[in-house]
Amino acid sequence: MVRFIDFLPCHNLPQPTIINTLLTPLLTQEPSIITENLENLQKVDENVVREYLEDLVPGVLNFAVQIVLAILLYIAGKRIISVIRKLLRKSMEHRGVDIGVRQFLDSISKYSLNFVLWLMILTLFGITTASVVAVLGSAGLTLGLALQGSLANLAGGVLILVLSPFHVGDYIVSGGTGHEGIVKEISIFYTKLLTADNQTVLIPNGRLTDGAIVNVTGQQTRRVDILVGIAYNADLKKAKELLTGIVDKENRVLRDQPINIFVSDLADSSVELGCRFWVNTDDYWQTRWDTIEAVKLVFDEYGIEIPFQQVDIHIKEDS
């Protein structure tokens, strides 16, 4: 190899001579060395690439096989879970288990079986069950804080099933949320309501059990309460007689239950008459609406005035 220090004694030579002296060895020797190094480098690169590909192919094939097995396991697992849930539902239905309990247990079985399925899929990729349990155990406090709302809903669902404040098909009013409707489903985290105008409302079980729950259809019969005001100069006895006749003509009224027609209050501008009778729960609203309409029509026919709020203005003129 030519070193620059070898030419230091030639510093008095003319400049072209120095250049020729430096370049001549490079032109005669360096190309062969460079070519040899390039060939060696090319051989090394080819060997490295070959070894890398030889090591990569088995890993890729093994990972591809794991992916295929995971997909097949997922498909088969989903079908098995569906069969197990179907058998569980049929068994509970055959034993006459409440539909709310059936829905709740079906939700638990769904989540539990899917959790087991995903554990089995993870084991295909070298992740052991012990590792998953260890991670869940070490992160238990964090998960507990993150899932405290879900755990509260789960506890609320258990309370609903144990205490049975309502069942599927009942019409309830949730005091904690202000929603009301027919209970369609009691799941592990939510209770599904269908409102009167056909809207679906999902109420978290935790919020549902934290407030008051009014079960409107919890009983087979329900009392209809109607208040109507008449003017002070109206015939009170005639008004009570007309109310009695309206109730007597209503065939949905339960005759074995008490019927009351009474003066409820002497208000500022009217005499309040009360009318109470009992009907089947399913007939409640329609009977109430029909009775109120009949009261208005009959009172108008017989000249019984129903007063309404009004303001009389008297103008006093100075003499």
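Data block above holds the structure.
These numbers come from a predicted model, not from an experiment.

Caption draft 1: Just the nonpolar core, in detail. By size, the foremost hydrophobic cluster in this structure holds 23 residues, and its most contacted members are Ile230, Leu243, Phe277, Phe299 and Ile304. For this core, the secondary-structure elements that each account for two or more residues are strand 6 (221-230), helix 7 (236-249), strand 8 (271-280) and helix 8 (284-301). Beyond its immediate sequence surroundings of up to four residues, Phe277 is in contact with Arg222, Arg223, Val224, Val247, Val253, Pro258, Ile259, Thr287 and Thr291. Within the second largest apolar cluster, twelve residues are counted, among which are Leu161, Phe166, Ile186 and Leu193.

Caption draft 2: Region of interest: the layout of surface pockets. Of the volumes computed, that of the largest pocket is approximately 300 Å³. In this structure, the largest pocket is lined by 14 residues; those nearest its centre are Tyr171, Ile182, Val216, Thr217 and Trp285. Listed by contribution, the elements that provide at least two residues to the lining of the largest pocket are strand 1 (171-174), strand 2 (180-186) and helix 8. Each residue belonging to the lining of the largest pocket can be placed in one class, and the counts come to eight nonpolar, three polar and three charged. There is about 210 Å³ of room inside the second largest pocket. Taken together, 13 residues line the second largest pocket, and the ones lying closest to its centre are Ser107, Tyr111, Glu185, Ser187 and Ile188. Of all elements in the fold, only helix 2 (99-123) and strand 3 (190-194) reach the threshold of two or more residues within the lining of the second largest pocket. The element best represented in the lining of the second largest pocket is helix 2, accounting for five residues.

Caption draft 3: Just the environment of His167, in detail. Positionally, His167 belongs in the loop between helix 5 (148-163) and strand 1. The exposure class of His167 is partly exposed, given its relative accessible area of 33%. Between the C-alpha atom of His167 and that of Ile186, which follows or precedes it by 19 residues, the distance is 8.5 Å. If near-sequence neighbours (up to four positions away) are discounted, His167 is found in contact with Asp98 and Val183.

Reading the values: rules and limits
- Residues numbered from 1 in each chain as written.
- Predicted model: local features only at pLDDT ≥ 70, side-chain atom pairs only at ≥ 80, totals over all residues.
- Heavy atoms only, no water.
- Core = buried A, V, L, I, M, F, W, Y, C linked by side-chain atoms within 4.5 Å.
- Buried < 20%, exposed > 50% of the residue type's maximum accessible area, 1.4 Å probe, protein only.
- Helix = DSSP H or I, 4+ residues; strand = E, 2+ residues; numbered from the N terminus.
- Contact = heavy atoms within 4.5 Å.
- 1 Å grid on protein atoms, 1.4 Å probe; cavity = no way out; pocket = protein on both sides within 12 Å on 5 of 7 lines; lining within 4 Å.
- Points joined across faces, edges and corners; volume = space filled by probe spheres on them.
- Nonpolar A, V, L, I, M, F, W, Y, C, P; charged D, E, K, R; others polar.

Keep in mind these values describe shape, not function.
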